[in-house]
Amino acid sequence: MDARRIALVPPRYGAQVVGGAEAVIRRVAHGLADRGWSVDVLTTTARDHFTWADEEPAGPAVDRTAAGAEVRVTRFPVVRDTSGEERARVEALLQAGDMPSLGEQEAWMNDGPRWPELFHHVLDTAESYQAVVVSPYPFWTTFAIAGIAPEQTLLRPCLHDEPYARMELFEPVLTGSAGVWLQTEPELELYRRISTPPPQTRIVGEGVEVPAGYDPARVRRELDLGDRAFVLYGGRREGAKGWEGLLHGFAEAVRKEDLDLTLVTFGSGVIDVPPDVADRVIDLGYVDDRTRDDLLAAACAYVQPSALESFSRTIMEAWLAGTPVIANGASDVVRWHIERAGAGLTYADPAELEQALRFVAEAPDQAAALAAPGRQYVLDHYTWPTTLDAMEATLDEWFGR
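Summarised in this report is the structure supplied together with it. Here the residue numbers are simple positions, counted from 1 along each chain's written sequence. Owing to the predicted nature of the model, reporting of local features is limited to residues with pLDDT of at least 70; listing and counting of side-chain atom pairs is limited to 80 or more, with chain, interface and lining totals taken over all residues. Heavy atoms from the whole structure form the basis of all side-chain values; hydrogens and water molecules are not counted.

The subject of this paragraph is the layout of surface pockets. Quantified by volume, the second largest pocket comes out at close to 180 Å³. In this structure, the second largest pocket is lined by 14 residues; those nearest its centre are Q16, V18, R47, D48 and S268. In this analysis, the protein atoms alone were mapped onto a 1 Å grid. Cavities are point sets where a 1.4 Å probe fits without being able to get out; pockets are open sets with protein on both sides within 12 Å along at least five of seven lines; lining residues have an atom within 4 Å of a point. Grid points are joined across faces, edges and corners, and a volume is the space filled by probe spheres set on the points.

Take a look at the structure:
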């Protein structure tokens with residue numbers, strides 16, 4: 001084992017990848033490299049978690065930090081030689097509220113994209129690392145790699161309260177990993193409800209970059225957003241993240257014709273906007289970090305419609321920009337953040353979503369005042385130096401010589 005040498009194994013990696021868990025792994029890789037760690041990222045050639053297409057070249061590459069430190073990246077190609085029928089059948093069982101048998105769960109895991117070259121690479125090299133970090137939990141990369149050297153495995157599960165988390169299939173990963181990094185107290189509470197966390201489990205939080213400044217006028221001008229107030233959603237536009245529910249609720253609200261508000265959105269996924277509200281929804285696709293930050297500052301609120309969150313980084317980014325948050329109260333994590341920070345609103349149904357949208361559109365000064373405590377909340381709890389300090393402390397304590 002080489003001290004201060006670590007492997008990070010996410011299912012996707014890179015600046016073009018949309019996904020909170022993957023973005024954090026990249027930031028951890030950069031942070032540890034800047035602190036003198038020898039960092040290898042072992043990942044796949046995919047960018048899109050729906051297609052798993054080979055969009056990045058296989059083989060070694062280098063991802064340099066802003067300070068010039070080196071993160072060595074090795075990507076492995078996808079193998080898709082199964083029909084997907086068994087996976088679809090098990091998904092249907094889960095949607096119906098049934099828990100498949102262990103055999104069906106194993107078939108589900110292996111009837112989709114796999115990376116056997118990645119598996120064999122870690123099999124050959126695991127002993128050279130102080131720790132092998134796998135994240136998030138429901139992907140083949142985590143399931144397969146965590147079993148190679150559990151005594152060296154550090155799991156960052158990003159647990160959501162969803163049927164997959166209760167699959168017996170994941171019990172060895174959840175209970176047998178040598179260490180676990182969690183992000184929030186609600187995530188730990190969920191962990192305890194569905195499994196038994198290993199003794200070496202620690203809430204290390206998650207860091208959020210603090211921009212040097214914001215230019216909301218620039219982004220309005222350059223993206224031709226006009227003067228109308230808008231709410232913002234960024235990230236994965238898909239059912240699992242509550243996108244359809246947000247789009248439906250927003251459309252119903254603006255159809256009443258007295259709500260002068262636009263929905264601006266960016267990220268991945270195909271969006272299907274009803275024709276009668278098409279002029280009220282602006283899709284920006286992928287945007288860079290500066291544009292994201294300026295959009296957050298220009299918005300009258302950031303909307304988080306997802307009930308499946310283990311941290312919700314975009315909420316923190318909104319609060320740093322001084323923007324209030326409207327969030328789906330079905331998520332224990334986002335409700336916990338909002339109650340602690342006192343800087344947002346939660347909704348339980350489309351009617352409450354409309355009330356919240358109406359509030360930020362019609363009372364902008366009150367909405368801005370509501371957002372005020374959010375920035376200090378983020379600075380107090382979720383900076384990268386604090387998070388990396390906690391991560392390094394656990395690496396030394398659990399995996400040091």
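Continuing now.
On to the side chain of K241, then. Relative to the elements of secondary structure, K241 occurs in the loop between strand 9 (230-236) and helix 9 (243-254). The class of K241 is buried, set by a relative accessible area of 11%. Each polar contact in these results corresponds to two N or O atoms within 3.5 Å; when the atoms are within protein, one needs to be able to donate a hydrogen and the other to accept it, and residues that are neighboring in sequence are counted only if both atoms are side-chain atoms. Engagement of the side chain of K241 in a polar contact is seen with the backbone oxygen of L308, the distance being 3.2 Å. A run of DSSP states H or I qualifies as a helix once it reaches four residues; a run of E qualifies as a strand once it reaches two. Both are numbered from the N-terminal end. Partly exposed residues are those whose accessible area sits between 20% and 50% of the maximum for their type, while under 20% is buried and over 50% is exposed, using a 1.4 Å probe and protein chains only.

Looking now at the sheet that holds strand 12 (residues 301-304). Whether two strands pair depends on DSSP finding at least two bridges between them. Overall, parallel pairing links the six strands, which are arranged 11-10-9-12-13-14 in an open sheet. Because the sheet does not close on itself, it has two edges, and the strands there are strand 11 (281-283) and strand 14 (344-347). Each adjacent strand pair in this sheet contributes to an overall mean axis angle of 25 degrees, direction not counted. Relative to strand 13 (residues 325-328), strand 12 runs parallel, the two being bridged by three bridges. The partner of Y302 across the bridge, within strand 13, is V325. Whether two residues are in contact is decided by their heavy atoms, any of which lying within 4.5 Å being enough. Axis definition: a line fitted to C-alpha atoms, limited for helices to the stretch in contact. Angles are taken between N-to-C directions and run from 0 to 180 degrees. Packed on one face of the sheet, helix 11 (residues 313-320) meets strand 9, strand 12 and strand 13 and runs near 170 degrees to strand 12.

Right, let's talk about the nonpolar core for a bit. Nonpolar cores are built from buried Ala, Val, Leu, Ile, Met, Phe, Trp, Tyr and Cys residues. Side-chain atoms within 4.5 Å join them into one set. Within the largest apolar cluster, 56 residues are counted, with the highest numbers of intra-cluster contacts made by V231, L232, M316, W319, I326 and L357. In this structure L357 touches V231, F250, A253, L259, L261, V303 and I326, once residues within four positions along its chain are discounted. One finds V90, V134, A165 and L182 within the second-largest nonpolar core, a separate group that totals 39 residues.

Time to look at the pairing of strand 3 (residues 59-64). On any regular strand, side chains alternate: one points to one face of the sheet, the next to the other face. Where strand 3 meets strand 4 (residues 70-76), six bridges bridge the pair, whose relative direction is antiparallel. Counterpart to V62 in the pairing with strand 4 is R72. In textbook terms, the turn of a hairpin is the stretch between consecutive antiparallel strands, and for strand 3 and strand 4 this stretch comprises five residues, one of which, G68, has a positive phi near 95 degrees.

On inspection of all chains with the given rule, the structure shows one cavity of 30 Å³ or more. Estimates place the volume of the largest cavity at around 30 Å³. Lining the largest cavity, in full, are E209, P211, Y214, R292, D293, E317 and L320. Counting residues per element, the ones that place at least two in the lining of the largest cavity are helix 10 (289-298) and helix 11. Three classes are used: nonpolar for Ala, Val, Leu, Ile, Met, Phe, Trp, Tyr, Cys and Pro, charged for Asp, Glu, Lys and Arg, and polar for all others, with Gly counted as polar. The residue inventory of the lining of the largest cavity, partitioned by class, reads three nonpolar, no polar and four charged.

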